[in-house]
Amino acid sequence: MLDIKKIREHPDAVRKGIADKQLNIDIDAIRILDDERRNLSKETDDMKHRRNTVSKAISAKKRNRENADPEIRDMQELSTKIKENDARLASIQEDLSTRLLAVPNCPAPEVPVGKNEQDNVEVSSWGKIPEFAFKIKDHLDIAENLGMLDMKRGAKIAGSGFPLYTGWGARLERALINFMLDLHITEHGYTEIFPPFLVHSDSATGTGQLPKLAEDMYYLREDDLWLIPTAEVPVTNMHREEILSAKDLPLKYVAFSGCFRREAGSYGKDTRGLQRLHQFNKVEMVQFTHPDDSCRCWEALTGHAEQVLRKLELPYRILELCTGDLSFAAARCRDIELWAPGSGKWLEVSSCSNFEDFQARRAGIRFKDDKGVRYAHTINGSGVATPRLMIALIENYQQEDGSLAVPAALRNYLGTDRIEA
RNA sequence: GGAGAGGUGGCAGAGCGGCUGAAUGCAACGGUUUGCUAAAUCGUCGUAGUGCGUAAAGCGCUACCGGGGGUUCGAAUCCCCCCCUCUCCGCCA
């Protein structure tokens, strides 16, 4: 959520930010409602002031056994008016909140202006794109041949998009998760969190999934709960409506979770194998930082995600997202993409975002230092999501005989240096 | 799922219609004292909205005692609904 004061005082900057994000939101309606709210609120507060004052006088008269009937009659009338005003105020407030929740975060000034993903800017790359002396296969063929993955049975159990890992596939999945968690905990200073996979609406609103992305989440009507699309949601909400101490910042959390996405509207896109799933596993990093520190922490966090890929010796590139490709809540974002030779594509495995105070304002996450109480900044990024990591791993490490080499960093976790049929 | 107890400021814990935005204690912060530490002592010490002020400081008003309604001139305090925590019983991984 944006600061209403920012909309009030710098409407042009906000308009430009929204337009750069290729969105269309009516800022003027918000400003009119805001004015209306303030005027009515002032008027009502003055009435309440009178009521409080007179009520005290009534109290004094009663104590002295004097008659206070005229005052009481006045106040009965006034209270009725106050009630009417409060009702109007509540409806204005609700309208305003609804509109305010629909306003996206503004892009940071450093973000390149662009229309869509075509305008994203590559900022760095690492590793060598491998060349093969034999005819390579894609991850699905390799994994199914090695008995690691059974998409057909996954579909039998839960429908398409729900992968069923088997044998070495299941073990590899588990090994990757442990490897990534351990790396972030021991080398990058994160505290491990194991969060709930279901959250209520307040939490989903706090991080910005609701109301805009309701159709992308699985919802349990009976219990009014949402399956999390990412651990970002429960972990960021850990400190909802809290005032943190400045000396504890940055708070760095890393969490494994299942992630559940309906992927509404993307049917028929990237359907082969593990590219796009309704359920997948992810290790997510979340930080709560001081506003002056968030940019530096965001860069560091991106580096932590990179480290996973370097240790696994997988070639990747990093893109700075342009304004048009930036998500609703993000001020800045860098995507990390792995090279998948079998599919001949770059695959996004991590999105590292700085939300600045956007989520914090929605979720009431603040901190206190000697300058007072302010909103913290939140940043997060995958470190990383497993399905596409698995794709890249399988496709980059495939051998001519159909077996799979295991990168050195993973051998202790997996207990083998080779996966064969 | 059933029965009971309870949710008050960073924490502990009073208050149970008006003099309570909230006693008291602890913690925290600032000063004094001290060779240092400890102790002592004085002071400060919630959040939000809004108005005045160029603004910082400051001052005023309003709201907030789990959430939402209601009663009343007036509600932390009375009534209703909901949520959460704890204890016991039942069921179950």
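Residues numbered from 1 in each chain as written. Chains lettered and ligands numbered in written order. Predicted model: local features only at pLDDT ≥ 70, side-chain atom pairs only at ≥ 80, totals over all residues. Heavy atoms only, no water.

Attention now moves to the sheet that holds strand β5 (residues 225-227). Spatial strand order, β3-β5-β4: three strands in an open sheet with antiparallel pairing. Edge positions in the sheet fall to β3 (198-200) and β4 (219-220), since each has one partner strand and no second. Here three bridges tie β3 to β5, and the two strands are oriented antiparallel to one another. Its bridge partner being in β5, L198 is matched across the sheet by L227. (Pairing = 2+ DSSP bridges. Helix = DSSP H or I, 4+ residues; strand = E, 2+ residues; numbered from the N terminus.)

The local shell around RNA strand B holds 22 residues, among which R8, D45, H49, Q76 and S79 are the closest. Atoms of RNA strand B within 4 Å of the protein belong to the sugar or the phosphate in 82% of instances, the rest to bases. Taking R8, its side chain carries an N or O atom lying 2.7 Å from a phosphate oxygen of RNA strand B. S59 is positioned such that a nitrogen or oxygen atom in its side chain is 3.2 Å from a sugar or linking oxygen of RNA strand B. Taken together, the elements giving at least two residues each to the surface near RNA strand B come down to α1 (4-9), α3 (27-63), α4 (69-101) and β12 (365-369). Among the elements that line the surface near RNA strand B, the one with the most residues is α3, at 12 residues. Counted by class, the surface near RNA strand B contains four nonpolar, six polar and 12 charged residues. (Near = heavy atom within 4 Å. Polar contact = N/O pair within 3.5 Å; in protein donor to acceptor, adjacent residues only side chain to side chain. Nonpolar A, V, L, I, M, F, W, Y, C, P; charged D, E, K, R; others polar.)

What follows deals with α4. Its 33 residues give α4 an end-to-end C-alpha distance of 47 Å, which sits within 8% of 48 Å, the value for a rise of 1.5 Å per residue. Turning to α4, its buried residues are M75, L78, I82, N85, L89, I92, L96 and L100. Contacts from the buried residues of α4 go to α1 and α3. (Expected span 1.5 Å × (residues − 1). Buried < 20%, exposed > 50% of the residue type's maximum accessible area, 1.4 Å probe, protein only. Contact = heavy atoms within 4.5 Å.)

Here the focus is unusual backbone geometry. That bond from L249 to P250 is cis: its omega, -5°, falls within 30 degrees of zero. Mapped onto the elements of the fold, P250 is located in the loop between β6 (242-245) and β7 (251-260). Cis peptide bonds are those with omega within 30 degrees of zero, and the linkage from G383 to V384 qualifies with -5°. Look at E241: it is not a glycine, yet its phi comes out positive at around 55°. For E241, the position within the fold is in the loop between α9 (232-236) and β6. Phi angles above zero are rare outside glycine, and E356 is one such case at about 50°.

In this section: the domain arrangement of chain A. According to the domain assignment, chain A consists of domain 1 (4-101) and domain 2 (117-419). The C-alpha-based centres of domain 1 and domain 2 are spaced at 43 Å. Each side of the interface is counted separately: domain 1 has four residues, and domain 2 has 10 residues. Contact between domain 1 and domain 2 buries roughly 590 Å² in total, counting both sides, with carbon and sulfur atoms accounting for 58%. When the buried area of domain 1 at its contact with domain 2 is split by residue, D20, K21 and L101 rank highest and sum to 83% of it. Linking domain 1 with domain 2 are zero salt bridges. (Domains from an automatic or database assignment. Buried area = accessible area lost by both parts, 1.4 Å probe. Salt bridge = Lys/Arg side-chain N within 4 Å of Asp/Glu carboxyl O.)

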